Protein chains: 6
Amino acid sequence: MTRLSHLDQKGQAHMVDVGEKDITSRQAVAESTIEMKSETLDLILSNALPKGDVIATARIAGIMAAKKTSDLIPMCHPLPITSAKVKIEKTSDTSLRVEATVKVTGKTGVEMEALTAATVAALTLYDMAKSADKDMIITSTRLLFKSGGKSGTYTANSP
Amino acid sequence: MTRLSHLDQKGQAHMVDVGEKDITSRQAVAESTIEMKSETLDLILSNALPKGDVIATARIAGIMAAKKTSDLIPMCHPLPITSAKVKIEKTSDTSLRVEATVKVTGKTGVEMEALTAATVAALTLYDMAKSADKDMIITSTRLLFKSGGKSGTYTANSP
Amino acid sequence: MTRLSHLDQKGQAHMVDVGEKDITSRQAVAESTIEMKSETLDLILSNALPKGDVIATARIAGIMAAKKTSDLIPMCHPLPITSAKVKIEKTSDTSLRVEATVKVTGKTGVEMEALTAATVAALTLYDMAKSADKDMIITSTRLLFKSGGKSGTYTANSP
Amino acid sequence: MTRLSHLDQKGQAHMVDVGEKDITSRQAVAESTIEMKSETLDLILSNALPKGDVIATARIAGIMAAKKTSDLIPMCHPLPITSAKVKIEKTSDTSLRVEATVKVTGKTGVEMEALTAATVAALTLYDMAKSADKDMIITSTRLLFKSGGKSGTYTANSP
Amino acid sequence: MTRLSHLDQKGQAHMVDVGEKDITSRQAVAESTIEMKSETLDLILSNALPKGDVIATARIAGIMAAKKTSDLIPMCHPLPITSAKVKIEKTSDTSLRVEATVKVTGKTGVEMEALTAATVAALTLYDMAKSADKDMIITSTRLLFKSGGKSGTYTANSP
Amino acid sequence: MTRLSHLDQKGQAHMVDVGEKDITSRQAVAESTIEMKSETLDLILSNALPKGDVIATARIAGIMAAKKTSDLIPMCHPLPITSAKVKIEKTSDTSLRVEATVKVTGKTGVEMEALTAATVAALTLYDMAKSADKDMIITSTRLLFKSGGKSGTYTANSP
């Protein structure tokens, strides 16, 4: 079979080979903060919005999204995660902060799973409250911590 | 059948009924901005990262994510979207901005589809470049514009 | 092209053609009941189980499952449902009853969507409480009501 | 970063951490029984229903559903199952019984996978036959057996 | 907000806007042929392979895949298909031919749905029989016919 | 519980038990070739088609499809693949060839994952270019190579 030309192979996207990496315990923590009017936050905390229970729905959406990460992020490896937690807390009169923690015993890390969980929880907060406030902004989404694997532990700087 | 007790029905989450809403042309635009080291942005723009073509992968991930919105956001209605576009542009030496535009002819709007597309594109930028820079932050994700439906047109304030 | 043989075409499964059916408002209601020890029901209602909030999780799982019906049931048509509600109530000291209501404006009904929502909510109740009680039984899952479409309204007999 | 308030963390749903559990061979068996008119059962067994082959479709739907369990049940861990079987048998002139067996080598059990497979097979039986009989009832869905893991073997009581 | 640079926008992939297209009845037919040893075809037709019923499984896989098309093909629009049929026939002692027919009432066609159904059915034939024969080749997959929409009717040339 | 009849159990489809198989490094390579008019190939290579970047979109679609294999092919086991690559090359003035390579460390092989990746990439090539040319034919899809597992290494004959 003649191969006349290789199209654009340098730089093409691929799922990198992690077959030779060690299986270790890995963990990642990510956060996402959403800013809103104080009236909107009151409506959320008093469970007075037409779509119903904002906080529980966002938390569950985040956990379920962690399991969909490799379906969403094209070059992510599918991973059998062993734990996922999402907590949501009020950090000011106008902000909620989502923190997602994901663990796996595997050949590659769960940074994207934690970031995806935090982000989808924040998007769900937006969805559940948007009839009251379309000006909400997800102001900061970032990795806070990871451990395990060859590159070792990472801790984000304080903001 | 005796019904002894109704558990927590006030405030419970549900997918609101849009059956009586009009079918109209609807559009939404959302953005997500990611900040990084200038060296990281150079690696992205010169296509020099190990996972390959960052920009094209993020754009396609965003478009595919728009179609998964109702699978991710628990109370979102499934919608047969008629168009999805994601553009990614350099807005400074240390930032990329994703803008997602989604359209539908339907009974409810596509704000969440646009926000999901922008967010997943930004998360994919993170994933493709994270071997070089774990300090990247998605600094702002918000709805810019929507039109169609009973609540009419919305335009975000300038930042 | 010669066609030597038709394999087993009579009786083969297919997604029946609903293209000529009218678009009407359709609704379906289904229920699923789960029996358990009274101690288990107490643990659920006092939110004392290790997996956390049983009722809210089951309700959200049921709503999300309604949207996955055509992905689970092979010959079901994909439908853009316009509403989904799941309520869960205590019907005795040893039983919870899930009732799911789904609506669509479309060419075919949402009986399977309502049944799938009720069933997945009941399975989620089992999952959340199974560390305390593996003997739980989902004792009855059935269609209660449907309206819309050529076959008109159906109402189940009392049990 | 100040944390002003922790919202509702006690009792919130999460995917429990199974990272420290042993990897063992695990198996689960579940059943689901569906009652119908004897005429309906005759139509199923003679393959005379408009949607086609009821039994094969239900069996395959059950097996495929076992693989979707962690996507349906919010707090279930994703598991690389190693085997799934669904059998369907006539248990009286008016009833079919689905039995699903699922195996895995992993850190947590496959009870929910077996229950989901049995249930989705039963729902598919309903879907394939509902044009003839909407009064069918899924009368009993339960775990029959599990083995493997710290809690050991479980066998259901006879009905 | 300054926009310093537009990255590669000419030629970037997007889901084209079909919002202004007419809603019409549309149909597409596609085929996929798989060649194998005559012994393998005998094993398939006598249902003697270890994975079980090859033909029924392939047919159902094809129908279910039609519903997943927009999840697989990045720039495809999600479409509420109204009908899907897959037939499989012996066309020689060494070949099976899959033919998939899909219909929709919508703004864009179902060519990709028909091609995806035919292809996944053929891949399933491969999977079910590969323990006996890894040399099977899917020799021809193509669109046979489409109707509806602005571009009208298309009929493939005879091979 | 009396079991009156076993329906069609001989020959019924099931996911075969791989629990006792060894965990080994496994790899599979598959190809799919698509034939088209030379004018169509020129449009693809000059990135002049209305849907945008054909090659990058097809490559990414193929990689993402590898991860969906067990969701598409009913009796495939879910596998945590460790690597996926798709390359697309011009093999004549009228043909593109897709080659997909997938790896896993697991109890069963990735032949279907490689075949699914190659096929979905080829279908995406069709989708991206079909506005210019509906006569394209996917002329050959086959397994080229596999290694690992009890059956050892397989290499296809030259065409």
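For clarity, every value in this text was computed on a predicted model and none was experimentally measured.

What counts as what
Residues numbered from 1 in each chain as written. Chains lettered and ligands numbered in written order. Predicted model: local features only at pLDDT ≥ 70, side-chain atom pairs only at ≥ 80, totals over all residues. Heavy atoms only, no water. Helix = DSSP H or I, 4+ residues; strand = E, 2+ residues; numbered from the N terminus. Contact = heavy atoms within 4.5 Å. Areas by Shrake-Rupley, 256 points an atom, 1.4 Å probe, with all protein chains shown as cover. Lys, Arg positive; Asp, Glu negative; His and termini not counted. Charge placed at Lys NZ, Arg CZ, Asp CG, Glu CD. Least-squares fit on C-alpha atoms with pLDDT ≥ 70 in both. Buried area = accessible area lost by both parts, 1.4 Å probe. Salt bridge = Lys/Arg side-chain N within 4 Å of Asp/Glu carboxyl O. Polar contact = N/O pair within 3.5 Å; in protein donor to acceptor, adjacent residues only side chain to side chain. Nonpolar A, V, L, I, M, F, W, Y, C, P; charged D, E, K, R; others polar. UniProt positions renumbered as here; feature names shortened; annotations may be inferred. Buried < 20%, exposed > 50% of the residue type's maximum accessible area, 1.4 Å probe, protein only. Axes fitted to C-alpha atoms, helices over the stretch in contact; angles between N-to-C directions. Left-handed = near helix turned anticlockwise from the far one by under 90°. 1 Å grid on protein atoms, 1.4 Å probe; cavity = no way out; pocket = protein on both sides within 12 Å on 5 of 7 lines; lining within 4 Å. Points joined across faces, edges and corners; volume = space filled by probe spheres on them.

A.B. asks: Please clarify how the overall build of chain A should be interpreted in this entry.
C.D. replies: Summing up its helical and strand segments, chain A has 4 helices and 6 strands in all. What you see in chain A, going N to C, is helices and strands ordered as β-β-α-α-α-β-β-α-β-β. When its C-alpha atoms are laid out on the principal axes, chain A stretches across 65 × 35 × 25 Å. Expressed as a percentage of contacts within chain A between residues at least 6 apart in sequence, the contacts between residues at least 24 apart total 72%. Accessible surface, chain A: about 5,300 Å² in total, of which carbon and sulfur atoms supply 50%. Of note, chain A has its 20 positive side-chain charges centred 6 Å away from the centre of its 18 negative side-chain charges.

A.B. asks: Would you explain the relation of the copies chain A and chain B in this entry?
C.D. replies: Both copies of the chain are related by one operation, a rotation about an axis with a shift along it. Of the transformation placing chain A onto chain B, the axial shift is 0.0 Å and the rotation is 180°, giving an RMSD of 0.0 Å. Such values leave the two copies arranged in the relation of a two-fold axis. When each C-alpha of chain A is compared by its distance to the rotation axis, Thr139 of chain A comes out closest, at 2.6 Å. Comparing interface residues between copies, 100% of those in chain A also lie at the interface in chain B; the contact surface is shared.

A.B. asks: Got a minute to help me understand the interface of chain B and chain E in this structure?
C.D. replies: By a widespread convention, an interface's size corresponds to the accessible area lost as its parts come together. Contact residues are listed per partner, giving 29 residues for chain B and 27 residues for chain E. Buried surface at the junction of chain B and chain E, both sides included, amounts to about 2,200 Å², of which 57% is carbon and sulfur. The largest share of the area that chain B buries against chain E comes from Arg59, Lys67 and Thr82 of chain B, three residues that together contribute 24% of it. Applying the counting rule to chain B against chain E returns 2 salt bridges. The interface formed by chain B and chain E includes 11 residue pairs in polar contact (both at pLDDT 80 or more). Of all the secondary-structure elements, those providing two or more residues to the side of chain B that touches chain E are helix H2 (54–66), strand S3 (83–92) and strand S4 (95–106) of chain B. Top element by residues in the side of chain B that touches chain E is S3 of chain B. It accounts for 10 residues. Classifying every residue of the side of chain B that touches chain E by side-chain character gives 13 nonpolar, 5 polar and 11 charged.

A.B. asks: Please clarify how the relation of the copies chain B and chain E should be interpreted in this entry.
C.D. replies: Once turned by 120° and shifted 0.0 Å along the axis, chain B lies on chain E with an RMSD of 0.0 Å. Taken together, the turn and the small shift mark the pair as related by a three-fold rotation axis. Judged by C-alpha distance, Pro80 of chain B is the residue of chain B that lies nearest the rotation axis, at 4.4 Å.

A.B. asks: Which parts of the structure should I look at to understand the UniProt feature "active site" (unreviewed entry) in chain A?
C.D. replies: The residues that UniProt annotates with the feature "active site" (unreviewed entry) are Asp127 of chain A. The topology assignment puts Asp127 of chain A in helix H4 (residues 111–129). Apart from the residues lying within four places of it in its own chain, the contact partners of Asp127 of chain A are Lys51 of chain A together with Ile73, Met75, Cys76 and Met112 of chain B.

A.B. asks: Just checking my understanding: could you explain the side chain of Arg142 of chain A for this structure?
C.D. replies: All names here are of chain A. Tracing the chain through its elements places Arg142 in strand S5 (residues 137–147). For Arg142, a relative accessible area of 7% translates into the label buried. Separated by 2.9 Å, the side chain of Arg142 and the backbone oxygen of Asn157 make a polar contact.

A.B. asks: How should I be thinking about the packing of helix H2 (residues 54–66) of chain A against H4 of chain A in this particular structure?
C.D. replies: The angle between the axes and the distance between the axes are what describe a pair of packed helices. Residue and element names in this part refer to chain A. Closest axis-to-axis distance for the H2/H4 pair is 7 Å, and the angle between their directions is 150°. For the crossing formed where H2 meets H4, the hand is right-handed. Here H2 contributes Val54, Ile55, Thr57, Ala58, Ala61, Gly62, Ala65 and Ala66 to the contact with H4, which in turn contributes Glu113, Thr116, Ala117, Val120, Ala121, Thr124, Leu125 and Met128. Residues of the contact of H2 with H4, tallied by class, amount to 11 nonpolar, 4 polar and 1 charged.

A.B. asks: Explanation requested: the side chain of Thr33 of chain A in the structure shown.
C.D. replies: All names here are of chain A. With respect to the helices, strands and loops of the structure, Thr33 is situated in strand S2 (residues 24–35). On the accessibility criterion, Thr33 (13% relative accessible area) is buried. Those residues in contact with Thr33, other than ones at most four positions away along the chain, are Ser95, Leu96, Arg97, Ile137, Ile138, Thr139 and Ser140.

A.B. asks: What should I look at first to understand the layout of surface pockets in this one?
C.D. replies: To find the voids left in a structure, one rolls a probe of water-molecule size over its atoms. A volume near 780 Å³ is recorded for the second largest pocket. Considering the residues around the second largest pocket, the lining is formed by 36 residues, among which Pro80 of chain B, Ile23 and Pro80 of chain C together with Pro80 and Thr105 of chain E are closest to the centre. Every element with two or more residues in the lining of the second largest pocket is listed here: S4 of chain B, strand S4 (95–106) of chain C together with strand S4 (95–106) of chain E.

A.B. asks: Can you help me understand the interface of chain A and chain B in this one?
C.D. replies: Facing 45 residues of chain A, the contacting portion of chain B comprises 46 residues. Between Lys68 of chain A and Asp71 of chain B there is a salt bridge, with the nearest N and O atoms lying 3.4 Å from each other. The interface formed by chain A and chain B contains 12 residue pairs in polar contact (both at pLDDT 80 or more). Class assignment for the residues of the side of chain A that touches chain B results in 21 nonpolar, 12 polar and 12 charged.

A.B. asks: For this particular structure, what's the right way to read the environment of Leu41 of chain A?
C.D. replies: All names here are of chain A. Counting through the fold element by element, Leu41 comes out in helix H1 (residues 38–45). Judged by relative accessible area, Leu41 falls into the buried class, the value being 1%. When the C-alpha positions of Leu41 and Lys146 are compared, they lie 30 Å apart, and in sequence the two are 105 residues distant. Setting aside residues up to four positions removed in sequence, Leu41 forms contacts with Met36, Lys90, Ser92, Asp93, Thr94, Ser95 and Leu96.

A.B. asks: Teacher, can you tell me more about the pattern of salt bridges here?
C.D. replies: Close approach of charged atoms allows side chains with opposite charge to pair. Residues and elements named next belong to chain A. Inspection of the entire model under this criterion finds 78 salt bridges over all chains. For Glu89, the salt bridge identified is with Arg97, shortest N-O distance 2.6 Å. Classification of Glu89 as buried rests on a relative accessible area of 0%. Lys130 is the partner of Asp127 in a salt bridge, and the nearest nitrogen-oxygen pair spans 2.9 Å.

A.B. asks: Looking at this model, I keep getting lost on unusual backbone geometry. Mind explaining?
C.D. replies: Glycine aside, residues mostly have negative phi, and peptide bonds are mostly found in the trans state. All names here are of chain A. Even without being glycine, Asn47 reaches a positive phi, approximately 50°. Of note, Asn47 is situated in the loop between H1 and H2. Residue class for Asn47 comes out partly exposed when judged on its relative accessible area of 25%.

A.B. asks: What am I meant to see in the UniProt feature "binding site: substrate" (unreviewed entry) in chain A here?
C.D. replies: Per the UniProt annotation, the sites labelled "binding site: substrate" (unreviewed entry) are Met75, Cys76, His77, Met112 and Glu113 of chain A. A stretch of 39 residues holds the annotated residues, and the largest C-alpha distance among them is 12.6 Å, short enough that they meet in one place. Summarising the element assignment, Met75 of chain A is placed in the loop between helix H3 (69–72) and strand S3 (83–92). Along the chain, the position of Cys76 of chain A falls in the loop between H3 and S3. The residues touching Cys76 of chain A, leaving out its near neighbours within four places in the chain, are Met15, Thr69, Ser70 and Met112 of chain A, Asp127 of chain B together with Lys67 of chain F.

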